[in-house]
Amino acid sequence: MKLAELHALNADLHCHSTVSDGWLEPAGVVARAKANGVELLALTDHDELGGLGIAAAAAAELGLRFVPGVEVSVSFADETIHVVGLGIDPQDPGIVAGLQQIRMGRDARAARIGQALADAGIPGALEGARRFARNPALVSRAHFARHLVASGVMPDVRTVFEHYLVRGKPGFVDHEWASLEDAVGWIRGAGGVAVIAHPARYRLSNADMERLLDRFIAAGGEAIEVVSGAHSEDEMRRFATVARRRGLLASRASDFHGENESPVDLGRCNPLPSDLTPVWSRFI
Ligand code: AMP
Ligand code: MN
Ligand code: MN
Ligand code: MN
């Protein structure tokens, strides 16, 4: 496929289902993507591969091209970084075992978040979050946030994060996720392409961002989300420049979680700047 044709394709390579903290079942994500005009879709649940089989089957049924993916939680410079893996083999033992380890840590962390919120005067939050988590192995801060909204503590999910769930707030707990090198290694070992997710969302100094890029590329990382549902136009331009300067492939990603929680719906992101090489050149 020519570069212009690749750019014209409606690709959406990052979104979530009920297997992590999305609102729609995997087949529901696929159906919504198809209805929205997506032509190439990756499902990328947090630290989980459990939705990929059903999503791939649903996509085949609808004639939608599908890329198996994952969003891996990583610790780097006191910040949590998300690395998306695209085109991975969901049966690969290395990535299966690595993600299993992350989920065990996540479970212990959820208990600590519950305790921290109880100490701040909000009892029962772990049980509440669990009611929102369709997958008991995958409780995310988003589930805590939904519970706090449903129980009337805060008006919306964004406000819960601001007041309770980010560093420095009472429900935030430190946690050690995977290393950057392990995450990229698992993705590559499973035949996939590693992508830095929503780079503008990290609170990193310019020097730490450069170090992140150095280590990511040295580990075999190849792509970055330039267009993301979590990016403003200015942020998009900033990371388009990074992609050019570092020779990285560019991704386009809504990071859709659900209708009422996501600023950008499936397939509704802006196009990539036309000189960048889309990461989906690898999958077409
Ligand atoms: P966790 O992986 O448990 O730390 O949870 C991270 C998830 O929480 C993200 O993937 C989003 O779904 C959600 N999230 C993080 N920050 C915010 C925010 N400021 N507003 C709304 N949702 C957020
Ligand atoms: Mn999420
Ligand atoms: Mn993310
Ligand atoms: Mn995401």
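Everything that follows concerns the structure shown earlier in this document.
If you're wondering where the values come from, they're calculated on a predicted model, not measured in any experiment.

*Asks:* Is there a simple way to explain the sheet that holds strand E3 (residues 65-76) in this structure?
*Replies:* The strands making up a sheet associate through backbone hydrogen bonding, with each pair oriented either parallel or antiparallel. If you walk across this open sheet you meet the seven strands as E1-E2-E3-E4-E5-E6-E7, and the pairing is mixed. With one partner strand each, in any of the chains shown, strand E1 (11-12) and strand E7 (249-253) form the two edges of the open sheet. Here E1 runs beside strand E2 (residues 40-43); their pairing, made up of two bridges, is parallel. Opposite Ala 11, over in E2, you have Leu 40 as the bridge partner.

*Asks:* Mind showing me how you'd approach the coordination of the manganese ion (ligand 4) here?
*Replies:* Expected angles at a metal are 109.5 degrees for tetrahedral coordination by four donors and either 90 or 180 degrees for octahedral coordination by six donors. Taken together, His 14 (NE2), His 16 (NE2), Glu 71 (OE) and Asp 255 (OD) make up the protein donors of the manganese ion (ligand 4), found 2.1 to 2.2 Å from the metal. Between the manganese ion (ligand 4) and the manganese ion (ligand 2), a separation of 4.7 Å is found. Taken together, the positions of His 16 in the loop between E1 and helix H2 (26-35) and Asp 255 in the segment after E7 put the pair 239 residues apart, joining distant regions of the chain. The class for His 16 is buried, based on a relative accessible area of 0%.

*Asks:* Looking at this structure, I do not really get the site of ligand 1. What am I missing?
*Replies:* Surrounding ligand 1, one finds Asp 21, His 46, Arg 106, Arg 109, Ser 140, Arg 141, Ala 142, Val 157, Phe 161 and His 257. One of the side-chain N or O atoms of Arg 141 is found 2.8 Å from an oxygen atom in ligand 1. One nitrogen or oxygen atom from the side chain of His 257 is found 2.9 Å from an oxygen atom belonging to ligand 1. Taking 500 Å² as the accessible area of ligand 1 by itself, protein coverage stands at 75%. Judged by its atoms lying within 2 Å of the grid points, ligand 1 is housed in the largest pocket. Taken together, the elements giving at least two residues each to the shell around ligand 1 come down to helix H4 (93-119), helix H6 (141-150) and helix H7 (157-165). Per-class residue counts for the shell around ligand 1 are three nonpolar, three polar and four charged.

*Asks:* In this structure, what is going on with the coordination of the manganese ion (ligand 2)? I would like to understand it.
*Replies:* The protein atoms donating to the manganese ion (ligand 2) are Asp 21 (OD), Asp 21 (OD), His 46 (NE2) and His 257 (NE2), with metal-donor distances spanning 2.2 to 2.6 Å. Its six donor atoms give the manganese ion (ligand 2) angles of 53 to 158 degrees at the centre, a pattern that matches the irregular case. In this structure the manganese ion (ligand 3) is found 5.7 Å away from the manganese ion (ligand 2). Remark: His 257 occurs in the segment after E7 and Asp 21 occurs in the loop between E1 and H2; sequence separation between them is 236 residues. As far as burial versus exposure is concerned, Asp 21 and His 257 are alike and both buried.

*Asks:* I tried to follow the packing of helix H9 (residues 206-218) against helix H10 (residues 233-246) on my own but got confused; where do I start?
*Replies:* Two packed helices can be described by the angle between their axes and the distance between those axes. Relative to each other, H9 and H10 sit at 45 degrees, their axes nearing to 12 Å. Relative to H10, the element H9 is oriented oblique. In the crossing of H9 with H10, the sense of the turn from one axis to the other is right-handed. For the pair formed by H9 and H10, the contact residues are Asn 206, Met 209, Glu 210, Leu 213, Asp 214 and Ile 217 on the first element and Arg 238, Phe 239, Val 242, Arg 245 and Arg 246 on the second. Classifying every residue of the contact of H9 with H10 by side-chain character gives five nonpolar, one polar and five charged.

*Asks:* Mind showing me how you'd approach the pattern of salt bridges here?
*Replies:* A side chain of one charge can pair with a side chain of the opposite charge when the charged atoms of the two come close. Scanning the entire structure with this criterion turns up 19 salt bridges. Here Glu 259 makes a salt bridge to Arg 32, at a shortest N to O gap of 3.9 Å. Of this pair, Glu 259 sits in the segment after E7 while Arg 32 sits in helix H2; the two residues are 227 residues apart in sequence, bridging distant segments of the chain. Looking at Glu 259, the relative accessible area reads 58%, which means it is exposed. Its relative accessible area of 21% is what places Arg 32 among the partly exposed residues. The partner of Asp 107 in a salt bridge is Arg 130, with the nearest N and O atoms 3.1 Å apart. Linking Asp 107 in helix H4 with Arg 130 in helix H5 (residues 125-132), this pair joins segments that are 23 residues apart in sequence. Assessed through its relative accessible area of 33%, Arg 130 is described here as partly exposed.

Cut-offs used in this document
Residues numbered from 1 in each chain as written. Chains lettered and ligands numbered in written order. Predicted model: local features only at pLDDT ≥ 70, side-chain atom pairs only at ≥ 80, totals over all residues. Heavy atoms only, no water. Pairing = 2+ DSSP bridges. Helix = DSSP H or I, 4+ residues; strand = E, 2+ residues; numbered from the N terminus. Donors = N, O, S within 2.8 Å, 3.2 Å for Na, K, Ca; no water. Buried < 20%, exposed > 50% of the residue type's maximum accessible area, 1.4 Å probe, protein only. Near = heavy atom within 4 Å. Polar contact = N/O pair within 3.5 Å; in protein donor to acceptor, adjacent residues only side chain to side chain. Areas by Shrake-Rupley, 256 points an atom, 1.4 Å probe, with all protein chains shown as cover. 1 Å grid on protein atoms, 1.4 Å probe; cavity = no way out; pocket = protein on both sides within 12 Å on 5 of 7 lines; lining within 4 Å. Sits in = over half its atoms within 2 Å of the grid points. Nonpolar A, V, L, I, M, F, W, Y, C, P; charged D, E, K, R; others polar. Tetrahedral: all angles 85-135°; square planar, octahedral: opposite > 155°, others 65-115°. Axes fitted to C-alpha atoms, helices over the stretch in contact; angles between N-to-C directions. Parallel < 35°, antiparallel > 145°, perpendicular 65-115°, else oblique. Left-handed = near helix turned anticlockwise from the far one by under 90°. Contact = heavy atoms within 4.5 Å. Salt bridge = Lys/Arg side-chain N within 4 Å of Asp/Glu carboxyl O.

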